[in-house]
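As a plain string of letters, each chain reads:
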Amino acid sequence: MQTVEIYTSPFCGFCTAAKRLLKSKGVEFTEYNVGMSPAKRQEMMSRANGGHTVPQIFIGDKHVGGCDELHALERAGKLDAMLAG
């Protein structure tokens, strides 16, 4: 199973939806709250090639994007393979 990292902020509905999908698949992930840490926000933007909205999701060393992209991978049947590595 690949490592999964997700950058979030409090009260973000898209963050909640992305985490819900991952949890429904039994995926453990590391969550970084960028709302309380300017340093983590800068780290996120650097890793996400300037992406400044949350969530920003990484599976292994690949930047997936946000909630919409994560759900698109699931609908296309590609998320499980990506998670498996």
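In short, a report on the structure. (Residues numbered from 1 in each chain as written. Predicted model: local features only at pLDDT ≥ 70, side-chain atom pairs only at ≥ 80, totals over all residues. Heavy atoms only, no water.)

1. Considerations on the sheet that holds strand β3 (residues 56-59)
Taking strand neighbours across the sheet as the criterion, the four strands line up as β2-β1-β3-β4 in an open arrangement whose pairing is mixed. Each edge of the sheet is formed by a strand with only one pairing partner; in this case those strands are β2 (30-33) and β4 (62-65). Looking at each pair of strands side by side, their axes are set apart by 20° on average, direction ignored. Sheet topology places β3 next to β4; three bridges connect them, and they run antiparallel. Paired with Phe 58 across the bridge in β4 is His 63. Running at roughly 120° to strand β1 (residues 4-8), helix α2 (residues 38-47) makes contact with β1, β2 and β3 of the sheet. Of the strands in this sheet, β3 and β4 touch helix α3 (residues 67-75), which is tilted by about 100° from β4. (Pairing = 2+ DSSP bridges. Helix = DSSP H or I, 4+ residues; strand = E, 2+ residues; numbered from the N terminus. Axes fitted to C-alpha atoms, helices over the stretch in contact; angles between N-to-C directions. Contact = heavy atoms within 4.5 Å.)

2. Focus on the packing of helix α1 (residues 13-24) against α3
Packing of α1 against α3 leaves a shortest axis separation of 9 Å and a crossing angle of 30°. Judged by the angle between their axes, α1 and α3 are roughly parallel. The way α1 lies across α3 gives a crossing that is left-handed. Where α1 approaches α3, its residues Phe 14, Ala 17, Ala 18, Leu 21 and Leu 22 are matched on the opposing element by Cys 67, Asp 68, Leu 70, His 71 and Glu 74. Class assignment for the residues of the contact of α1 with α3 results in seven nonpolar, one polar and two charged. (Parallel < 35°, antiparallel > 145°, perpendicular 65-115°, else oblique. Left-handed = near helix turned anticlockwise from the far one by under 90°. Nonpolar A, V, L, I, M, F, W, Y, C, P; charged D, E, K, R; others polar.)

3. Comments concerning the packing of aromatic side chains
Overall, the coordinates contain two aromatic pairs when judged by the stated rule. Taking the centre distance of 5.9 Å and the plane angle of 75° together, the rings of Tyr 7 and Phe 58 count as edge-to-face. Within this pair, whereas Tyr 7 is found in strand β1, its partner Phe 58 is found in strand β3, the two being separated by 51 residues in sequence. One exposure class covers both Tyr 7 and Phe 58, and it is buried. For the cation-ring pair, Lys 40 lies above Tyr 32, with the distance from its terminal atom to the ring centre recorded as 4.1 Å. Above the ring of Phe 58, the side-chain terminus of Arg 47 is found at 4.0 Å from the ring centroid. (Phe/Tyr/Trp six-rings, centres within 6.5 Å; stacked < 30°, edge-to-face > 60°. Buried < 20%, exposed > 50% of the residue type's maximum accessible area, 1.4 Å probe, protein only. Lys NZ or Arg CZ within 6 Å of the ring centre and 35° of its normal.)

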